[in-house]
Amino acid sequence: MVDYSKTPMEPKLSGHVAVKEAVFPFNKLPGSDLILGPEMKSTGEVMGISDAFGMSFAKSQFASKNRIPLEGKIFLSLTENDKPHAGEIGRMFTELGFDIVATSGTHTALESAGVPSTKVFKISEGRPNIDDMIRNEEIALAINTSDNKAAKADARLIRQSVLANHVAYFTTIAAARAAALAIAALRENDGCVDPKALQDYLNTQ
């Protein structure tokens, strides 16, 4: 039966999931800080689209040059407000086979939640520290949440090191969850991101 409520060119949605991601020029600006403020820093947007959220998020990150790794060590540093989520986030990544290194407070929160991790020094606490690990290519993924207090020198240097060494990074709990789902989806697809024509998602026939 013809649906006369639709216009001739209105697409028939096929149950896809689309994820829009802003593109930032941090890697092109040495010394820049990935913390966002009221000023405009985005230089464009990209979209990841697939049949499920995890793969769509993965595509959006690849398109914005934030390449998600499938294995390795993850650096975890959470603000006080985010520490209650440490156990949840930690378990998501340990179940994916990642080893966790964390700064002192986050390490304590992980241990309290029964999630194993290795404590690592902040830059100001001595050496070897997290900057050394990043420079030595020991860190595959960084999750470093921030608040209004996160502009202090130590946190800023860690963020700059992550950018300078092209380590995948996420700065919110929501993005950390999404990254774990993306890794799981990529592994189910043998690490591949299969291209598909937009017309296949928006059937106008």
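About the thresholds
Residues numbered from 1 in each chain as written. Predicted model: local features only at pLDDT ≥ 70, side-chain atom pairs only at ≥ 80, totals over all residues. Heavy atoms only, no water. Helix = DSSP H or I, 4+ residues; strand = E, 2+ residues; numbered from the N terminus. Buried < 20%, exposed > 50% of the residue type's maximum accessible area, 1.4 Å probe, protein only. Areas by Shrake-Rupley, 256 points an atom, 1.4 Å probe, with all protein chains shown as cover. Pairing = 2+ DSSP bridges. Right-handed = clockwise from strand over helix to strand, strands pointing away. Salt bridge = Lys/Arg side-chain N within 4 Å of Asp/Glu carboxyl O. Axes fitted to C-alpha atoms, helices over the stretch in contact; angles between N-to-C directions. Parallel < 35°, antiparallel > 145°, perpendicular 65-115°, else oblique. Contact = heavy atoms within 4.5 Å. Nonpolar A, V, L, I, M, F, W, Y, C, P; charged D, E, K, R; others polar. Phe/Tyr/Trp six-rings, centres within 6.5 Å; stacked < 30°, edge-to-face > 60°. Left-handed = near helix turned anticlockwise from the far one by under 90°.

A. Here's a closer look at the overall build of the chain. For the chain, the helix and strand inventory stands at seven helices and nine strands. Looking at the chain as a whole, 40% of its 205 residues are labelled buried. Counting only carbon and sulfur atoms, one obtains 53% of the accessible surface of the chain, whose full area is about 11800 Å².

B. Quick look at the pairing of strand E5 (residues 99–102). Note: strand E4 (residues 73–77) against E5, four bridges, orientation parallel. Paired with Ile-74 across the bridge in E5 is Ile-100. Regarding the hand of the β-α-β motif, the stretch spanning E4, helix H2 (residues 86–94) and E5 is right-handed. Where E5 lies against strand E6 (residues 118–119), two bridges are found, and the strand directions are parallel. Bridged to Val-101 within E6 is Thr-118. A crossover connection joins E5 to the parallel E6 through helix H3 (residues 104–112); in handedness this β-α-β unit is right-handed.

C. Structural view of the pattern of salt bridges. Using the criterion set out here, one finds five salt bridges in the structure. Ionic pairing is found between Arg-127 and Asp-132, a salt bridge with its closest N-O pair at 2.5 Å. Residue Asp-132 is classed as buried on the basis of its relative accessible area, which comes to 11%. The partner of Asp-131 in a salt bridge is Arg-135, with the nearest N and O atoms 2.8 Å apart. One end of the pair, Asp-131, and the other, Arg-135, are both in helix H4 (residues 130–135), four residues apart, so they sit about a helical turn from each other.

D. Broad picture of the packing of helix H1 (residues 53–63) against helix H6 (residues 173–188). Two elements in contact, H1 and H6, have axes whose closest approach is 7 Å; the angle formed by their N-to-C orientations is 100°. It follows that H1 is roughly perpendicular to H6 by the angle criterion. The segment H1 lies against H6, with Phe-53, Gly-54, Met-55, Phe-57, Ala-58 and Phe-62 engaging Ala-175, Ala-178, Ala-179, Leu-181, Ala-182, Ala-185 and Leu-186. Of the residues contributing to the contact of H1 with H6, the split by class is twelve nonpolar, one polar and no charged.

E. Structural view of the packing of aromatic side chains. Inspection of the entire model under this criterion finds three aromatic pairs. When the centroid spacing of 5.9 Å and the interplanar angle of 35° are considered together, the rings of Phe-57 and Phe-170 count as tilted. Remark: Phe-170 occurs in strand E8 (residues 168–170) and Phe-57 occurs in helix H1; sequence separation between them is 113 residues. Seen from their ring centres, Phe-93 and Phe-98 are 5.8 Å apart, and the 85° between their planes marks the pair as edge-to-face. The buried category is assigned to Phe-93, whose relative accessible area is 1%. Three or more aromatic residues joined by ring pairs form one cluster here, namely Phe-53, Phe-57 and Phe-170.

F. Geometry of the environment of Ala-140. For Ala-140, the position within the fold is in the loop between H4 and strand E7 (141–144). In the structure, Ala-140 is positioned 67 residues away from Lys-73 in sequence and 5.5 Å away in space, judged by C-alpha atoms. In this view, Ala-140 contacts Pro-69, Glu-71, Gly-72, Lys-73, Val-167 and Ala-168; residues no more than four positions away in its chain are not counted.

G. Spotlight on the packing of H2 against H6. Running from N to C, H2 and H6 point in directions that differ by 15°, and their axes come no closer than 10 Å. With respect to H6, the element H2 is oriented roughly parallel. The handedness of the crossing between H2 and H6 is left-handed. From H2, Glu-88, Ile-89, Met-92 and Phe-93 reach across to H6, where they touch Ile-173, Ala-176, Arg-177, Ala-179, Ala-180 and Ile-183. Counted by class, the contact of H2 with H6 contains eight nonpolar, no polar and two charged residues.

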